[in-house]
Amino acid sequence: MSMKKIISLKNISKRFGGVKAVEDISLDLFESEVCGIVGHNGAGKTVLMNILSGVYNSDTGEIYYYGNKVNFKSPADAKKKGIETIHQNLALAENLNASANFFLGREIYNKIYFRDEKKMFLESKKAINKINKYFKDFNTNVANLSGGQKQSIAIARAVYFNAKVIIMDEPTAALGPEETSVVRDIIKKLKENGISIFLISHDINDLFDLSDKIAVLKNGKLIGVKEKLNSNKDEILEMIITGK
Amino acid sequence: MFKTYESKLFLLIILFIILTTFLSDDFLKTRNIQNILFAISVEGLMVIGMTIVMIGRGFDLSIGSVMALSGVLVMDCQHLGIIPSCLIGVLAGLILGLFNGFLVAYIKINPFISTLGTMVMVRGLVMTYTNARPAVGENFDFMMLAREKFFGVPLLFIIFLFFSIIFIIIIKRTLYGRYIYALGGNEEALRLSGVNVKIIKLSSYAICGFFAGLAGVILAARLNTGSPIIGEKTALNVIAAVLLGGTTLSGGVGSIFGSLCGLFSIGITINVMNIFNIQSYIQKIFIGILLILLILYGKRKKLFNKTI
Amino acid sequence: MKFLSNNSIWIIVFIIFILMFFASENFYTLNNQLNVLRQVSILGIICIGIAIVLIGGNFDLSIGAIITACAVTSLAMQPSSPGLTLLSIIIPITVGILCGLINGILVGYLNLNSIVATIGTQFTFTGFLLYSVSGQHVYAFDTHAIYFFISNGRLFGIPFPVYLLFSFYILAFIILKFSLFGRYLEAVGGNIRSAYLSGINTKKIIVYSYLISGLMSSLGGILIASRVRNMDPTAGIGYEFLALTAVILGGTKLTGGYGRIFNVFAGVLIIGLISNSITLLNLSYYAKLLIQGFIFLLVVGYDSYLNNYSKANV
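The structure displayed is predicted, hence computed values, not measured ones.

Some details on the overall build of chain B
Alright, step 1. The secondary structure content of chain B amounts to 13 helices and four strands.
Alright, step 2. The C-alpha atoms of chain B give 19 Å as radius of gyration, which agrees with the globular expectation for 308 residues (19 Å, within 12%).
Alright, step 3. For the C-alpha atoms alone, the extent of chain B along its principal axes is close to 55 × 45 × 35 Å.
Alright, step 4. When the 308 residues of chain B are sorted by exposure, 55% land in the buried category.

Examining the overall build of chain C
Alright, step 1. Check the secondary structure of chain C and you find 14 helices and four strands.
Alright, step 2. Projecting the C-alpha coordinates of chain C onto the three principal axes gives extents of approximately 60 × 50 × 35 Å.
Alright, step 3. Counting only residues that meet the buried cut, chain C has 49% of its 314 residues in that class.
Alright, step 4. A sequence separation of at least 24 residues applies to 79% of the contacts in chain C between residues at least 6 apart.

Remarks on the interface of chain B and chain A
Alright, step 1. Opposite the 21 residues of chain B that make contact, chain A presents 25 residues.
Alright, step 2. In terms of residue count, helix α8 (residues 175-185) of chain B provides more of the side of chain B that touches chain A than any other element does, six residues in total.
Alright, step 3. Its residues placed into classes, the side of chain B that touches chain A shows 11 nonpolar, seven polar and three charged.

Notes on the sheet that holds strand β8 (residues 196-200) of chain A
All names here are of chain A.
Alright, step 1. With mixed pairing, six strands are arranged side by side in an open sheet as β6-β7-β8-β3-β9-β10. This sheet does not close on itself; its edge strands, each paired only once, are β6 (83-86) and β10 (221-227). Here the strands of the sheet are splayed against their neighbours by 15 degrees on average, with no regard to which way each runs.
Alright, step 2. As defined by bridge partners, strand β7 (residues 165-169) adjoins β8 across five bridges and the pair is classed as parallel. Residue pairing for β8: valine 165 is matched across the bridge by serine 196.
Alright, step 3. Contacting β3 (34-39), β6, β7, β8 and β9 (213-218), helix α1 (residues 45-53) runs over the sheet at an angle of about 150 degrees to β7.
Alright, step 4. Sheet strands touched by helix α6 (residues 177-192): β3, β7 and β8. Its angle to β8, the strand with the most contacts, is close to 150 degrees.

What to know about helix α10 (residues 197-223) of chain B
Residue and element names in this part refer to chain B.
Alright, step 1. For α10, built from 27 residues, the straight-helix expectation of 39 Å at 1.5 Å per residue is met to within 8% by its first-to-last C-alpha distance of 39 Å.
Alright, step 2. Most of α10 sits inside the fold, with 23 of its 27 residues counted as buried.
Alright, step 3. In the segment just after α10, asparagine 224 is the residue with positive phi, at about 55 degrees.

Quick word on the interface of chain C and chain B
Alright, step 1. Tallying the contact residues gives 36 residues for chain C and 34 residues for chain B.
Alright, step 2. Counting only elements with at least two residues in the side of chain C that touches chain B, the list comes to α6 (114-133) and α14 (285-309) of chain C.
Alright, step 3. Broken down by element, the residue count for the side of chain C that touches chain B peaks at 14 residues, all from α14 of chain C.
Alright, step 4. For the side of chain C that touches chain B, a count of residues per class yields 22 nonpolar, 14 polar and no charged.

Some remarks on the packing of helix α7 (residues 155-173) of chain B against helix α12 (residues 256-275) of chain B
Residue and element names in this part refer to chain B.
Alright, step 1. For the pair α7 and α12, interaxial distance at closest approach is 9 Å and the crossing angle is 140 degrees. The orientation of α7 relative to α12 falls into the category oblique. Each of Ser164, Phe167, Ile168 and Ile171 in α7 lies in contact with α12, whose residues at this interface are Ile256, Phe257 and Leu260.
Alright, step 2. Considered class by class, the residues forming the contact of α7 with α12 number six nonpolar, one polar and no charged.

As for the nonpolar core
Alright, step 1. In this structure, Ala240 of chain B together with Ile46, Cys47 and Ala243 of chain C are the most contacted members of the largest nonpolar core, which totals 261 residues.
Alright, step 2. The biggest single contributor to this core is α10 of chain B, with 17 residues.
Alright, step 3. Of the residues that make up this core, three or more belong to each of domain 1 (1-82 + 163-244) and domain 2 (92-160) of chain A.
Alright, step 4. Here cysteine 47 of chain C is in contact with Ala243, Ala246, Val247, Val264 and Val268 of chain C, once residues within four sequence places are set aside.

Structural notes on the pairing of β3 of chain A
Residue and element names in this part refer to chain A.
Alright, step 1. For β3, the tally of buried residues reaches six of six residues, placing the bulk of the element in the interior.
Alright, step 2. Neither face of β3 is exposed, since Val34, Gly36 and Val38 on one face and Cys35, Ile37 and Gly39 on the opposite face are all buried.
Alright, step 3. In terms of strand pairing, β3 meets β9 through five bridges, oriented parallel. Residue pairing across strands places glycine 39 opposite leucine 217, the latter belonging to β9.

Here we look at the sheet that holds strand β2 (residues 19-30) of chain A
All names here are of chain A.
Alright, step 1. Taken in spatial order, the four strands of this open sheet run β2-β1-β4-β5, and their pairing is antiparallel. Each having just a single partner strand, β2 and β5 (68-70) make up the two edges of the open sheet. Adjacent strand axes in the sheet meet at a mean angle of 25 degrees, parallel and antiparallel pairs treated alike.
Alright, step 2. Of the strand pairs in this sheet, strand β4 (residues 60-65) and β5 are connected by three bridges, and their pairing is antiparallel. Along β5, the bridge assignment pairs tyrosine 65 with asparagine 68.

Details of the packing of helix α9 (residues 180-190) of chain C against helix α11 (residues 202-228) of chain C
Relative orientation and spacing of two packed helices are given, respectively, by the angle between their axes and the distance between those axes.
Residue and element names in this part refer to chain C.
Alright, step 1. It is at 10 Å that the axes of α9 and α11 come closest, and there the two elements cross at 105 degrees. One finds that α9 runs roughly perpendicular with respect to α11. Between α9 and α11, the residues in contact are Phe181, Tyr184, Leu185 and Val188 and Thr202, Ile205, Ile206, Tyr208 and Ser209, respectively.
Alright, step 2. When the residues that make up the contact of α9 with α11 are grouped by side-chain class, the tally is seven nonpolar, two polar and no charged.

Some words on unusual backbone geometry
Trans peptide bonds make up the majority, and among non-glycine residues the majority have a negative phi.
Residues and elements named next belong to chain A.
Alright, step 1. Of note, the phi angle at leucine 90 is positive, near 70 degrees, even though the residue is not glycine.
Alright, step 2. In this fold, leucine 90 is placed in the loop between β6 and α3 (98-102).
Alright, step 3. The exposure class of leucine 90 is buried, given the 22 C-beta atoms found within 10 Å.
Alright, step 4. Phi is positive for alanine 91, close to 55 degrees, though the residue is something other than glycine.
Alright, step 5. With respect to the secondary-structure elements, alanine 91 resides in the loop between β6 and α3.
Alright, step 6. A tally of 21 C-beta atoms within 10 Å means that alanine 91 is categorised as buried.

Here we look at the environment of isoleucine 261 of chain C
All names here are of chain C.
Alright, step 1. Position of isoleucine 261 relative to the elements: it lies in helix α13 (residues 261-280).
Alright, step 2. By the C-beta count within 10 Å, which is 25 here, isoleucine 261 ends up buried.
Alright, step 3. For the pair isoleucine 261 and cysteine 47, spaced 214 residues apart in the sequence, the C-alpha separation amounts to 9.3 Å.
Alright, step 4. Ignoring any residue separated from it by four or fewer positions in sequence, one finds isoleucine 261 in contact with Ile48, Ala51, Tyr169, Ala172, Phe173 and Leu176.

A look at the confidence of the model for chain C
Alright, step 1. Looking at chain C, pLDDT values average 86 and 94% of them are 70 or higher.
Alright, step 2. For this predicted complex, the interface score ipTM comes out at 0.84, while the overall pTM is 0.85.

Here's the deal with the pairing of β2 of chain A
All names here are of chain A.
Alright, step 1. Taken together, the eight bridges between strand β1 (residues 5-16) and β2 define a ladder with antiparallel strand orientation. Counted as the bridge partner of serine 8 is aspartate 28 from β2.
Alright, step 2. Linking β1 back to β2 in an antiparallel pair, the connection comprises two residues, with glycine 17 at a positive phi of about 60 degrees.

Structural notes on the confidence of the model for chain B
Regions with low pLDDT carry predicted coordinates that are not meant to be interpreted in detail.
Residues and elements named next belong to chain B.
Alright, step 1. Per-residue pLDDT for chain B averages 87, and the proportion of residues at 70 or more is 94%.
Alright, step 2. Mean pLDDT per element in chain B: helix α1 (residues 5-23) is the minimum at 75, and α10 is the maximum at 96.
Alright, step 3. In the predicted structure, residues 302-308 sits below a pLDDT of 50 and forms 19 contacts with residues beyond four places in sequence or in another chain.

Brief notes about the environment of isoleucine 18 of chain B
Alright, step 1. The residue isoleucine 18 of chain B is located in helix α1 in this model.
Alright, step 2. In this structure isoleucine 18 of chain B comes out as exposed when scored by C-beta crowding, with 10 C-beta atoms within 10 Å.

The rules behind each value
Residues numbered from 1 in each chain as written. Chains lettered and ligands numbered in written order. Predicted model: local features only at pLDDT ≥ 70, side-chain atom pairs only at ≥ 80, totals over all residues. Helix = DSSP H or I, 4+ residues; strand = E, 2+ residues; numbered from the N terminus. Rg over C-alpha atoms; globule rule 2.2 N^0.38 Å. Buried ≥ 20, exposed ≤ 12 C-beta atoms within 10 Å, placed from the backbone. Contact = placed C-beta atoms within 7 Å. Nonpolar A, V, L, I, M, F, W, Y, C, P; charged D, E, K, R; others polar. Pairing = 2+ DSSP bridges. Axes fitted to C-alpha atoms, helices over the stretch in contact; angles between N-to-C directions. Expected span 1.5 Å × (residues − 1). Parallel < 35°, antiparallel > 145°, perpendicular 65-115°, else oblique. Core = buried A, V, L, I, M, F, W, Y, C linked by C-beta atoms within 7 Å. Domains from an automatic or database assignment. pLDDT = per-residue confidence, 0-100.

This is how it looks when you write it as structure tokens:
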């Protein structure tokens, strides 16, 4: 893990109506680092990451990317800069097939806006098979695929578009043990390739295995950030529950 | 070859036509065919627009009123010339479509409800403007143009064919087409992919309005009258055609070709009912029950079984 | 404070009431007030049905057809004697409930989209109606005094329909606020899945809501029939639209799950007063349509705006 700071969130707050979803959170992410994010339901994990993804604008605070202040106006904006997100609900259109979803919003097309289906199929096949070599059903609608297959598409998509930062929101929540271990291997490989990851998970074991540090959120506030090597599962649990 | 829903429907139509030809002498008469072709031209244009809206999980009840308005405008503005008057009619449809799209995409009103509102409002508008009296055309050249035929095929039908082919290609092969399907399939996913969902939605309604306007122009041209009271049950016919053609209310599936097949089926059925002198009330019942059966079928059918 | 904001619609009623001064000086006479109430009584009763269906999360766009069908049926009984008058009340009510049952089954049991399904039934009901009367006007010759009284009579100086109006609103209020049905209806309209998982028989609740709507529509039809005593079956009274506007004006949520029947009454009053003033100002029927459509869009737009922009502007 290098000392190069990729992301710096400073004093981020966001409220929805009367509810403070995220309150004055500051958090850094370094190159090749996996930062776990954990907390109760409603603690603000997804909202915080959605601000980084460009889904929401923060009410206060700044985001620094490679040292420069940035303002993401939309998900497309964040993606262009190299921040990819694997959302909790995967953001897949069930009525489209794998390659259509893979390239959604970033299709390959010619001068008159006609889609190049062949190229998109080949590229997506290559990328998805790199993640999941058993994936074959490229022509069926995503609705008919298993949770693991859907997850493969979402992850392959995030990796393919040259992400420097990947946000994973509960990536293994709907997966079985074998598929989960595939995801874990992917995360480890990404780390080796210099990619930084924010990993939201409720699985303490996963977090401890994969993260370099863990940030605990409660009621929109950042309770604390602990380096894995300086902490243990019980301490993290205590932080989640008591908020100290 | 006949695996998809659309091709099954198409086959059914061919069989139906053959059957009817045997049952009745009147069916194949040129006059009857011309009537069918003309009815299809008008409603077919609206079907194109409605399919696009409905694939995107939208809905537009106002097309009948818009059609009436544009028809009236075309006839009233005839003195400005053929092209300007037609453009005005089409433009009216486009503007109303944009208005509908604005209400749905930006104000986020449920499309059923908002287009119900515009349907009533536009009807009131056109009735007030014309005082419930039809606008009769006086331009002889326009009348002749409307009846023009190329190798026996009416010009108006050619216009319809032209737009069908163009939009079938657009929906099937371009970026925009993909976005419409994604909009209906999972709007949130499309938004997260970075696409401006509001614009896609707005444009689909604009296209629907455009076609309603164009249909109104064509209808008025052929009848040489802009009638403010037409189109009361057009929305229903068109929606039934689109549902028959494989689109469902929840969107994300369907095709323009399928919808046109659906329109064809309903059109021929009604034509046959007319030939056999079935009363219009029975026809009303038929369409009502058909609509219900169609949405029932749409629910039962496993969504997303076909690939797009 | 909350009570005031929830029921703020009555402030608008009050304002319009004051503004009516500009429409006509005779507005504030007791006689005219009673007339206005009589005029809105039909719409008011129908709105109870629409409101109940809407609270349950659905729409009923077939009420126009049901109203016409019941009005025609009522007249077709030729109520020239007390016995026939009874028939001319009971039969239409049966028809209305039957139509409501059909709607209820389609939406409640078959889970069809209520808007398209009731558009479909609207067409089907109209078709059946036109077929049975062969498209002809229906006249009731020689109606009995009792029948005439339904719409045109007065008790202690107050028009009879007004009694019906108030009775039904009070009844509806009691049912919605205090009965199990009212509670379950709100649950079904709010989140049908949660209601179902909580053990509520959502299908039955929806069917009941449509039965009530059919009943109310039939009563409206009988009132109309009693007043005009001849019906054009192709008239296609566009009541569904007006009723929906009044109900939404009255604070009932478009998405279902919430509605207060007395506020619906306020909505009815507003629509009635506006309708009244349009007539007084001598605008044409079509201008009325235009204005009503416009008001509808305003009302619905405002409701959607409130709904969608109080959450995160995503």
